[in-house]
Amino acid sequence: MTSYKSDFLRVMRERGYIHQCSNEDALDAKASSGIITAYVGFDCTAASLHVGNLLGIMMLRKLQQAGHKPIVLIGGGTTRVGDPSGKDDTRKLLSDEQINENIASIRTVFERFLTFGDGPTDALLVNNEDWLLKLNYIDFLRDYGPHFTINRMMTFDSVKLRLEREQPLTFLEFNYMIFQAYDFLELNRQHDVTLQMGGSDQWGNIINGIELGRRVDQAELYALTTALLTTSSGTKMGKTAKGAVWLNEDMLSPYDYWQFWRNTEDNDVGRFLRLFTELPLAEIAELETLEGADLNEAKKLLATTACAMAHGEEKALAASETARKTFEQGTMASGLPSVDINASDLDNGLGLLTALVTAGLASSNGEARRHIKGGAVKINDVKAENEKRLLGGDDISDDGVIKLSVGKKRHVLLKTT
């Protein structure tokens, strides 16, 4: 195994980030002799990033902590095309207005993890629409098209896997990898970026950019990817029964975010502590040897530490305390997620099935019925067995809410407006 000279690559390997690295000896020498500038790209297909994007953000954070300069590339241009990597369906095209609204919403997340400013290692946020939307398509094809072969592009996983599953790949999406390669070239020209980082599904696209930079500008560029995260049971990390684990508080409460990490599978605790917290490696090594109830304490530490990084220490501690009161004391905790309902709905009788869907505890009436038949649903901690049950004013507790629960870990407070 290579003994790295640079703090950056050494830390990245020790904490488990590195999956692939191009010309790692040269990159190591460059990182040990001066400041390197690296970027990770984030398309803006939703109003929030999710836990699946967190690995890229953490890579930029480690880069900055090692004394280098991180660049956050917002894909205002590439979002208009759509990345086919890892998808069977063509990405839904968004309007310019939707894209701009998403950019405004997600950009606040990066400030929690990175230090922005004008210093040599301060983070910078740029938008690829600044150059992609100005391209003359004919000139672009003439200047850069000859550097890409269909033969090579057909070997990339983002293309090959889609075709193997006999799913259509549009010409629009086929252009995505060319634009991503051009991003790398443009960032090298404008900001002296020499390293692109990302998930392993982006390896082919990043190598495209390296080759384009070498052929056009004789630039020496590098790639570093991390493995796509799955849990020990083989499921994609960041997906729950309630959907994506969003990083924006207005799309997922700090309590739900804390609970996501608390529910980490036993075999993943050590790995996630290394990737998503900054606890010392020696302490993590001790924590991952714990078993049973002791391991649950390690999960709580993971949850609180990860939540503090995303939402601040105060909200992380409040989420931890809410969980303690809910699960250990069995009391009503005001910090639980809440949903507003109209008082008139209760006056008329609010159906339990409707209430469960409204609260986000079921995706449909059918799923709500299955929860009830399985004995998983409680109203104010009392099991509900009648799917035709109506919620009314008598169900409002002394705290002014109705507590709905599915299982032991999913709780929502209904509040009247």
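Residues numbered from 1 in each chain as written. Predicted model: local features only at pLDDT ≥ 70, side-chain atom pairs only at ≥ 80, totals over all residues. Heavy atoms only, no water.

(A) Quick peek at the packing of aromatic side chains. One pass over the full model with this rule turns up 11 aromatic pairs. A ring pair is formed by Tyr39 and Phe184, whose centres lie 5.6 Å apart and whose planes are at 70 degrees; its orientation type is edge-to-face. You can see Tyr39 sitting in strand β2 (residues 37-43) and its partner Phe184 sitting in helix α10 (residues 176-191), a full 145 residues away along the chain. Summarising the burial analysis for this pair, Tyr39 and Phe184 share the class buried. Look at Phe272 and Phe276: their rings are 5.8 Å apart centre to centre, the planes differ by 75 degrees, and that puts the pair in the edge-to-face class. With Phe272 and Phe276 both in helix α13 (residues 269-276) and four residues apart, this pair spans about one turn of that helix. By relative accessible area, which is 3% here, Phe272 ends up buried. (Phe/Tyr/Trp six-rings, centres within 6.5 Å; stacked < 30°, edge-to-face > 60°. Helix = DSSP H or I, 4+ residues; strand = E, 2+ residues; numbered from the N terminus. Buried < 20%, exposed > 50% of the residue type's maximum accessible area, 1.4 Å probe, protein only.)

(B) Region of interest: α13. In terms of burial, α13 is largely enclosed, as six of its eight residues are buried. Every buried residue of α13 is accounted for by Val269, Gly270, Phe272, Leu273, Leu275 and Phe276. Residues of α13 that are buried in the fold lie against α3 (51-65), α12 (254-262), α14 (281-287) and α15 (292-311). (Contact = heavy atoms within 4.5 Å.)

(C) Inspection of the pairing of strand β6 (residues 222-226) at higher detail. Among the five residues that make up β6, five are buried, leaving the element largely enclosed by the rest of the structure. Side chains of β6 alternate between two faces, with Tyr222, Leu224 and Thr226 and Ala223 and Thr225 buried alike. When strand β5 (residues 195-199) meets β6, the two strands line up parallel, connected through five bridges. The residue of β6 that forms the bridge with Gln196 is Ala223. Note on the crossover from β5 through helix α11 (residues 203-217) to β6: the handedness is right-handed. (Pairing = 2+ DSSP bridges. Right-handed = clockwise from strand over helix to strand, strands pointing away.)

(D) Region of interest: the nonpolar core. Core analysis: the largest hydrophobic core is formed by 72 residues, its most contacted members being Met197, Leu224, Tyr257, Trp261 and Phe276. When residues no more than four places from it in sequence are discounted, the contact partners of Tyr257 are Val51, Leu54, Val245, Trp246, Leu247, Leu252, Ala306, Cys307, Ala310 and His311. With 31 residues, the next largest nonpolar core counts Tyr39, Ile71, Phe148 and Val193 among its residues. (Core = buried A, V, L, I, M, F, W, Y, C linked by side-chain atoms within 4.5 Å.)

These figures come from the coordinates and say nothing about function on their own.
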